[in-house]
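Okay, here's what each chain looks like letter by letter:
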Amino acid sequence: MPDAFSTVFWGVLTFSILVVLHEGGHYLAARAFGVKVHEFMVGLPGPALRYRSRRTGTAFGITAVPLGGYVRIAGMEPGPEDELLGPALAISTRLGRVDAAVLARELGVEVERASSLLVTLADWGAITAATDDDVSYLATFEAAEAADPDALLDRARSVTYRALSKPKRIIVLSMGVITNLLTAVLVFTVVLGVWGYYTQSLTLYDVLPDSGAEAAGLQPGDRITSIGDTEVDEWMVLTREISALTPGDRTEVGYVRDGTADTVTVTIGESETGAPVLGIVSDVEQVNPSIGQAAVESIRLTGMVFVAIGRFFSPETFQESVEGARSIVGITVEVAEAARTGPLSYAWIVALLSLSLGVMNILPIPPLDGGKVALELVEAAVRRPLGRRFSLGLSLSGALLLFSLIGYLMYADIMRYFVDG
């Protein structure tokens, strides 16, 4: 196992790469639609080293705890708009400088509601926090524009997520996942196309003693060509045909030995778990695919990850899936080991993690991207925004579910790598 410093270094670097890819997808989509992005940060919210772009106004940086990351896009607050946003913006613009107490007095509302209005307007970029105190906000529009509150509010909203149509919102929410998936497929395609891969061969590496295959005369080096009436051209086809049989069945197996084709009758055996077996062990062979074939294989790998994550949500396969899964602890250890092995192994695991991150985020569970897309679709169906408390409640419930699973996986990894191991 790599040393502690190396493990932490490669873990932080890898998760930073994944965050930049995922959040970069959201950022680029938002900017393409003219939406204001306040921050693009690597790490958990908190103290940070940051650089603010003069052209876009976006702050880019790394926080004190560089795990995870986020983009803060203007206008993504849940729930319907407060009907006083227009009057509040007009007052703030007319006065030039305002705080919650002043705005509350002008509107005749509670200070808490006035403060919420100011926070929303500041998020939209319609006002900006004063630098000489902690409570005041400064207008960003000319005082003359306050004469038409509705037009002024439309102008302020025009650079926010709220101004986008539903299809554009879904694109912004989906681009993180899409970037992860495309990155994974691209890396898989390059790695497979340049270096190839190993796969199970139809040539036999071994024949198990006291098996039906041994009794029938099959030998290491034989290459299987058919089983029953089915021609086989890859190992998965062979195993599928065997699994369809019953222990005790007799079947014809075609093979080639030293260039000569022949057929034998094999009695299907039974494994310790009761599954049908032929009693053979495959050899492995290197495959050097074309770029097109590598791309197809990459897409197949992507489908396998979808299936693997889907197994978490089946009672029959949940426990098995959890036992094979890794948390941030286990992933960090395995990433460091891959980096130590070489750049090929590291590129492969980064692509696999990018793919897994993308597939996980598709799940329709708030606060994941898939959950946010689902809420947008529900709002489109009911033709009104969902309530703020309802949306926040769903996100909190989803977060508790996810953190419970993450916590369990972290405990299992600590026991696996640092206690039992």
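A. Spotlight on the pairing of strand 9 (residues 223-227). Pairing analysis gives four bridges linking strand 9 to strand 11 (residues 250-257), with the strands arranged antiparallel. The residue bridging Arg223 from the neighbouring strand is Val256, located in strand 11. In this antiparallel pair of consecutive strands, strand 9 and strand 10 (residues 230-231), the connection spans two residues, and Gly228 shows a positive phi of 60°.

B. Here's a closer look at the pattern of salt bridges. Summed over all chains, the structure comprises 19 salt bridges. For Glu376, the salt bridge is made with Lys166, and the minimal N-O distance between the two is 2.5 Å. Highlighted residues: Glu376 in helix 13 (residues 369-382) and Lys166 in helix 6 (residues 166-195), separated in sequence by 210 residues. Of the charged contacts in the structure, one is a salt bridge between Glu297 and Arg300, with a shortest N-O distance of 2.5 Å. Here Arg300 and Glu297 lie together in helix 9 (residues 291-310), a separation of three residues that amounts to about one turn. Its relative accessible area of 14% is what places Glu297 among the buried residues. Judged by relative accessible area, which is 38%, Arg300 ranks as partly exposed.

C. Up close: a nonpolar patch on the surface. Together, Leu186, Val190, Val194, Trp195 and Leu344 line one region of the surface with nonpolar side chains, adding up to about 480 Å² of accessible area. Looking at the nonpolar patch element by element, the count peaks at four residues for helix 6. Tracing the backbone through its elements, the reader meets Trp195 in helix 6.

D. Summary view of the side chain of Ser92. The residue Ser92 is located in helix 2 (residues 85-95) in this model. One polar contact links the side chain of Ser92 to the main-chain carbonyl oxygen of Ala88, over a distance of 2.8 Å. Other than its neighbours up to four places away in sequence, Ser92 contacts Arg97, Val98, Leu118, Ile127 and Ala139.

E. Layout of the packing of helix 9 against helix 12 (residues 343-362). Closest axis-to-axis distance for the helix 9/helix 12 pair is 10 Å, and the angle between their directions is 50°. With respect to each other, helix 9 and helix 12 are oriented oblique. The two elements helix 9 and helix 12 meet at a crossing, and its hand is right-handed. On the side of helix 9, the interface is formed by Leu301, Thr302, Val305, Phe306 and Ile309, while helix 12 contributes Trp348, Leu352, Leu355, Ser356, Val359, Met360 and Ile362. When the residues that make up the contact of helix 9 with helix 12 are grouped by side-chain class, the tally is ten nonpolar, two polar and no charged.

F. Representation of the sheet that holds strand 5 (residues 97-98) in the model. Taken in spatial order, the three strands make up an open sheet running 5-7-6, and their pairing is antiparallel. Both edges of this open sheet fall to strand 5 and strand 6 (127-129), since each of them pairs with a single strand only.

G. Structural context of the sheet that holds strand 1 (residues 37-42). Spatially, the four strands line up as an open sheet ordered 2-3-1-4, and their pairing is mixed. Whereas interior strands pair on both sides, the edge strands pair on one side only; in this sheet they are strand 2 (48-52) and strand 4 (69-73). Averaged over all pairs of adjacent strands, the angle between strand axes in this sheet comes to 15°, irrespective of strand direction. As paired strands, strand 1 and strand 4 are joined by five bridges and run antiparallel to one another. Within strand 4, the position partnered with Val42 by the bridge is Gly69.

H. Fine view of helix 12. In this model, helix 12 (20 residues) spans 29 Å end to end at C-alpha, consistent with the 28 Å of a helix rising 1.5 Å per residue. Of the residues making up helix 12, those classed as buried are Tyr346, Ile349, Val350, Ala351, Leu353, Ser354, Leu355, Gly358, Val359 and Asn361.

I. Spotlight on unusual backbone geometry. Backbone torsion omega between Pro366 and Pro367 reads 10°, so that peptide bond is classified as cis. As for its placement among the helices and strands, Pro367 is situated in the loop between helix 12 and helix 13. Phi angles above zero are rare outside glycine, and Asp210 is one such case at about 60°. Judged by its relative accessible area of 76%, Asp210 falls in the exposed class. Positive phi, close to 60°, is recorded for Arg383, a residue that is not glycine. Among the secondary structure elements, Arg383 is positioned in the loop between helix 13 and helix 14 (388-419).

J. Structural detail: the packing of helix 2 against helix 3 (residues 100-107). In the contact formed by helix 2 and helix 3, the axes pass within 10 Å of each other and the chain directions differ by 120°. Taken together, the axes of helix 2 and helix 3 are oblique relative to one another. Handedness of the crossing formed by helix 2 with helix 3: right-handed. Each of Pro87, Ala88, Ile91, Arg94 and Leu95 in helix 2 lies in contact with helix 3, whose residues at this interface are Val102, Leu103, Glu106 and Leu107. Class assignment of the residues belonging to the contact of helix 2 with helix 3 gives a composition of seven nonpolar, no polar and two charged.

K. Main features of the environment of Ile242. By secondary structure assignment, the location of Ile242 is in helix 8 (residues 235-243). According to the relative accessible area criterion, Ile242 is buried, its value standing at 9%. Residues Ile242 and Ile268, 26 residues apart in the sequence, show an inter-C-alpha distance of 8.2 Å. Excluding anything up to four places from it in sequence, Ile242 contacts Ile227, Pro276, Val277 and Leu278.

What counts and what doesn't
Residue numbers here run from 1 along each chain, matching the order of that chain's written sequence. Local features in this predicted model are restricted to residues of pLDDT 70 or higher, and side-chain atom pairs are both shown and tallied only at a pLDDT of 80 or more, whereas totals for entire chains, interfaces and linings draw on every residue. Side-chain numbers come from the whole structure's heavy atoms, not from hydrogens or water. Strands pair, by our definition, only if DSSP identifies at least two bridges between them. Helix and strand assignments follow DSSP, with helices taken as H or I runs no shorter than four residues and strands as E runs no shorter than two, numbered in order from the N terminus. Each reported salt bridge corresponds to a side-chain nitrogen of Lys or Arg within 4 Å of a carboxyl oxygen of Asp or Glu. Buried, partly exposed and exposed residues are distinguished by accessible area as a fraction of the type maximum, computed with a 1.4 Å probe on protein chains only: under 20%, between the cut-offs, and over 50%, respectively. A patch consists of residues whose relative accessible area exceeds 30% and which take part in no salt bridge; residues with like charges are grouped when within 9 Å of each other, and nonpolar side chains (Val, Leu, Ile, Met, Phe, Trp, Tyr) when within 5 Å. Here, Shrake-Rupley sampling with a 1.4 Å probe gives the accessible areas, and only protein chains in the shown set may cover a residue. Polar contacts here mean pairs of N or O atoms no more than 3.5 Å apart (in protein, one a potential hydrogen donor and the other a potential acceptor; neighbouring residues in sequence count only if both atoms are side-chain atoms). In what follows, residue pairs with any heavy atoms lying within 4.5 Å of each other are defined as contacts. To get an axis, a line is fitted to the C-alpha atoms, and for a helix only the part in contact is used. The angle between two axes follows their N-to-C directions and goes from 0 to 180 degrees. Each angle receives one of four descriptions, namely roughly parallel if under 35 degrees, roughly antiparallel if over 145, roughly perpendicular if within 65 to 115, and oblique otherwise. Rotating anticlockwise by less than a right angle from the far helix to the near helix defines a left-handed crossing, while the corresponding clockwise rotation defines a right-handed one. Residue polarity follows a fixed list, in which Ala, Val, Leu, Ile, Met, Phe, Trp, Tyr, Cys and Pro are nonpolar, Asp, Glu, Lys and Arg are charged, and the others, Gly among them, are polar. By this rule, a helix spans an expected 1.5 Å times one less than how many residues it contains.

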